[in-house]
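Residue-level structural notes
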Amino acid sequence: MRHALLPLVLVAVVVTGCRPPITITTPQGKVIYAANEVATRVERLQAAAIAGEAEGTLPTDVARVFVQFSVSAAKTLQALPAGWGTSVAVAWGEAKRQIPLKYLNSPTVATAVMAVDTVLAIWLPVSTGGA
Amino acid sequence: MQPLVLLLIREMLLPELVALIKARQAAGQPVTEAELRAEFDARIGRIVAIGETWLATHPA
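A quick note: this is a predicted structure, and the numbers were derived from the prediction, not measured.

Each value, and the rule that gives it
- Residues numbered from 1 in each chain as written.
- Chains lettered and ligands numbered in written order.
- Predicted model: local features only at pLDDT ≥ 70, side-chain atom pairs only at ≥ 80, totals over all residues.
- Helix = DSSP H or I, 4+ residues; strand = E, 2+ residues; numbered from the N terminus.
- Buried ≥ 20, exposed ≤ 12 C-beta atoms within 10 Å, placed from the backbone.
- Contact = placed C-beta atoms within 7 Å.
- Nonpolar A, V, L, I, M, F, W, Y, C, P; charged D, E, K, R; others polar.
- Core = buried A, V, L, I, M, F, W, Y, C linked by C-beta atoms within 7 Å.
- Expected span 1.5 Å × (residues − 1).
- Arc of directions from axis to C-beta.
- Axes fitted to C-alpha atoms, helices over the stretch in contact; angles between N-to-C directions.
- Parallel < 35°, antiparallel > 145°, perpendicular 65-115°, else oblique.
- Left-handed = near helix turned anticlockwise from the far one by under 90°.
- pLDDT = per-residue confidence, 0-100.

For the rest of this paragraph, the subject is the overall build of chain B. Helix and strand counts for chain B come out as two helices and zero strands. Projected onto the principal axes, the alpha-carbon positions of chain B cover approximately 70 × 20 × 15 Å. Classification of the 60 residues of chain B by burial places 12% in the buried group.

Time to look at the overall build of chain A. When helices and strands are tallied, chain A shows six helices and zero strands. The linear arrangement of helices and strands in chain A, starting from the amino end, is α-α-α-α-α-α. A burial count over chain A gives 37% of its 131 residues as buried. In chain A, the share of contacts with a sequence separation of at least 24, taken over all contacts with a separation of at least 6, comes to 68%.

Attention shifts here to the interface of chain B and chain A. Listed as interface residues are 23 residues of chain B and, on the opposing side, 26 residues of chain A. Elements with a contribution of two residues or more to the side of chain B that touches chain A: α1 (3–26) and α2 (33–57) of chain B. Top element by residues in the side of chain B that touches chain A is α2(B). It accounts for 15 residues. Taken together, the residues of the side of chain B that touches chain A break down into 13 nonpolar, three polar and seven charged.

So, on to the nonpolar core. Ranked by size, the top nonpolar core spans 39 residues in total, and within it V38(A), A39(A), L45(A), A49(A), F66(A) and L77(A) carry the most contacts. Broken down by secondary-structure element, the contributors of at least two residues to this core are α2 (27–55), α3 (60–79), α4 (85–98) and α6 (110–127) of chain A together with α2 of chain B. Top contributing element to this core by residue count: α2(A), with eleven residues.

Further remarks concern α4(A). All names here are of chain A. If you check α4, its first and last C-alpha atoms are 20 Å apart, about what 14 residues at 1.5 Å a residue would give, namely 20 Å. Where α4 is concerned, the buried positions are G85, V88, W92 and A95. The buried residues of α4 occupy an angular sector of 110° when projected down its axis, which confines them to one face. Opposite the packed face of α4, turned more than 90 degrees from it, sit the exposed residues V90, G93, E94 and R97.

Here the focus is the packing of α2(A) against α2(B). The interhelical angle for the contact between α2(A) and α2(B), taken along N-to-C directions, is 30°, at an axis separation of 9 Å. The angle between α2(A) and α2(B) falls in the class roughly parallel. The way α2(A) lies across α2(B) gives a crossing that is left-handed. Where α2(A) abuts α2(B), its residues G29(A), I32(A), Y33(A), A35(A), N36(A), A39(A), T40(A), V42(A), E43(A), Q46(A) and I50(A) lie against E33(B), L36(B), R37(B), E39(B), F40(B), R43(B), I44(B), R46(B), I47(B), I50(B), G51(B) and W54(B). A per-class count over the contact of α2(A) with α2(B) returns twelve nonpolar, five polar and six charged.

Packing of α3(A) against α2(B) brings their axes to within 9 Å, and their N-to-C directions diverge by 145°. The element α3(A) and its partner α2(B) pack so that their crossing is left-handed. Of the residues in α2(B), those in contact with R64(A), V67(A), Q68(A), S70(A), V71(A), A74(A), K75(A), L77(A) and Q78(A) of α3(A) are I44(B), I47(B), V48(B), G51(B), E52(B), W54(B) and L55(B). Of the residues belonging to the contact of α3(A) with α2(B), the class tally is nine nonpolar, four polar and three charged.

It is worth spelling out the confidence of the model for chain B at this point. Low-confidence regions, as indicated by low pLDDT, have predicted coordinates that should not be scrutinised in detail. For chain B, the average pLDDT comes to 83, and 95% of its residues sit at 70 or higher. Here the predicted complex carries an ipTM of 0.81, next to a pTM of 0.77.

Structure below.
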């Protein structure tokens, strides 16, 4: 039963997560909402990487890649809240290529990595004018 | 507008909207665009400040 409900729950999460709250009505507000959604996941990724490095579960070189991406993505989101899409997606792809798979999948950051993947999949088309 | 539609809005839609807004306020989530903008700016500031401080203390 639980397995049957999982896809429905995921669809509900994605559908509700794709929409700004009803009080955000202007195009500018929707743009900031999307950028804030991405920034929220980037902040969690950075926090997880820094915590993982401090605990010794993530090598400093790996944490540095996550932190450099986070700072760069934050600056891009602030500078181009309506056009961050391609820059952030390319930077994220490059960051992931530099990190060995075992660290991308490590419990320390795996959830945060997946959250960034998901939020980019949801909001990238909006940012690049594809939706 | 038709009285029935007005009644429907007053009795069903408005309480739902007010409940949604109150729930966001209770959860500390932004409701207005100004609040959303302030939250976004604060978040970006935190990411950059924390990240740059960490990078400065963990040079390559």
